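Chain by chain, the residues:
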Amino acid sequence: GLTSEDSPTLAGALSMMPNLQTLNLAGNRLGDEGVSTIALAVSNSCTSIEKLCFWYNGMTFKSFPGLTKIVQTCSLIKVLHLDRPMASADDDESIRAVLDFTEAVKLSGSLWRVECCGEDESEVGALLILLLGEALPDC
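1. Brief notes about the pairing of strand β3 (residues 79-83)
- Most of β3 sits inside the fold, with five of its five residues counted as buried.
- Along β3, one buried face is formed by Val79, His81 and Asp83 and the opposite face, lined by Leu80 and Leu82, is buried too.
- Two elements, strand β2 (residues 51-53) and β3, share three bridges in a ladder whose sense is parallel. The residue bridging Lys51 from the neighbouring strand is Val79, located in β3.
- Relative to strand β4 (residues 113-117), β3 runs parallel, the two sharing five bridges. Residue pairing in the sheet places His81 in a bridge with Glu115 of β4.

Okay, structure coming up:
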């Protein structure tokens, strides 16, 4: 599978695919660095991607600033599939990342579904699920 080392190449290729509607990167090993690189590329080019899947990539809350930027800048994104990020601790940085992300989701005019999978049992992970439920109550 793809790793964070492959993400700059993939990010560059995305700019040459303006009609791509679904980007499924599930089951790779992108980690925070790779997810952030891809998120930056998507948010900078705001391609026609409507569905973006990052399931099973070993993300933590450090990926969330890039994901927040996607939600804020890409009006065509309708569905995000994310790992339920693992938190090493319920720290202020993780909590801020969750609050910023869910606020961006709430303000988004087009995003209508965010799905998280995984086994995170942290309080920050629970906060993410709770706030997404409030931000997208029809999901």
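2. Quick notes on the sheet that holds β4
- Pairing within the open sheet is parallel, and its four strands lie in the order β1-β2-β3-β4. The open sheet has two free edges, formed respectively by β1 (22-24) and β4, since each of these has just one partner strand. The average undirected angle you get between the axes of adjacent strands in this sheet is 10°.

3. Describing the pattern of salt bridges
- Counted according to the given criterion, the structure contains three salt bridges.
- The partner of Glu103 in a salt bridge is Lys106, and the shortest N-O contact between them spans 4.0 Å. In this pair, Glu103 and Lys106 both sit in helix α4 (residues 92-107), three residues apart, roughly one turn of the helix.
- Glu115 is the salt-bridge partner of Arg113, the closest N and O atoms lying 2.9 Å from each other.

4. Topic: unusual backbone geometry
- Phi is positive for Tyr56, close to 55°, though the residue is something other than glycine.
- Mapped onto the elements of the fold, Tyr56 is located in the loop between β2 and α3 (64-73).
- By relative accessible area, Tyr56 is classed as exposed at 55%.

5. Brief notes about the nonpolar core
- In terms of nonpolar packing, the biggest core is built from 37 residues, with Phe54 and Phe101 touching the most fellow members.
- Contributions of two or more residues to this core are made by α1 (7-14), α2 (31-45), α3, β3, α4 and α5 (123-135).
- Sequence-distant contacts of Phe54, that is, excluding residues within four places in its chain, are made with Leu25, Leu30, Val35, Ile38, Met59, Leu67, His81, Leu82 and Asp83.

6. What about the packing of aromatic side chains?
- Scanning all chains against the criterion turns up two aromatic pairs.
- For the ring pair Phe61 and Phe64, a centre distance of 5.5 Å and an interplane angle of 50° mean the geometry is tilted.
- On the numbers, 4.9 Å between centres and 70° between planes, the contact of Phe64 with Phe101 is edge-to-face. With Phe64 in helix α3 and Phe101 in helix α4, the pair connects residues that are 37 residues apart, well separated along the chain.
- Overall, Phe64 belongs to the buried group, its relative accessible area being 0%.
- The class for Phe101 is buried, based on a relative accessible area of 0%.

Definitions and cut-offs
- Residues numbered from 1 in each chain as written.
- Predicted model: local features only at pLDDT ≥ 70, side-chain atom pairs only at ≥ 80, totals over all residues.
- Heavy atoms only, no water.
- Buried < 20%, exposed > 50% of the residue type's maximum accessible area, 1.4 Å probe, protein only.
- Helix = DSSP H or I, 4+ residues; strand = E, 2+ residues; numbered from the N terminus.
- Pairing = 2+ DSSP bridges.
- Axes fitted to C-alpha atoms, helices over the stretch in contact; angles between N-to-C directions.
- Salt bridge = Lys/Arg side-chain N within 4 Å of Asp/Glu carboxyl O.
- Core = buried A, V, L, I, M, F, W, Y, C linked by side-chain atoms within 4.5 Å.
- Contact = heavy atoms within 4.5 Å.
- Phe/Tyr/Trp six-rings, centres within 6.5 Å; stacked < 30°, edge-to-face > 60°.

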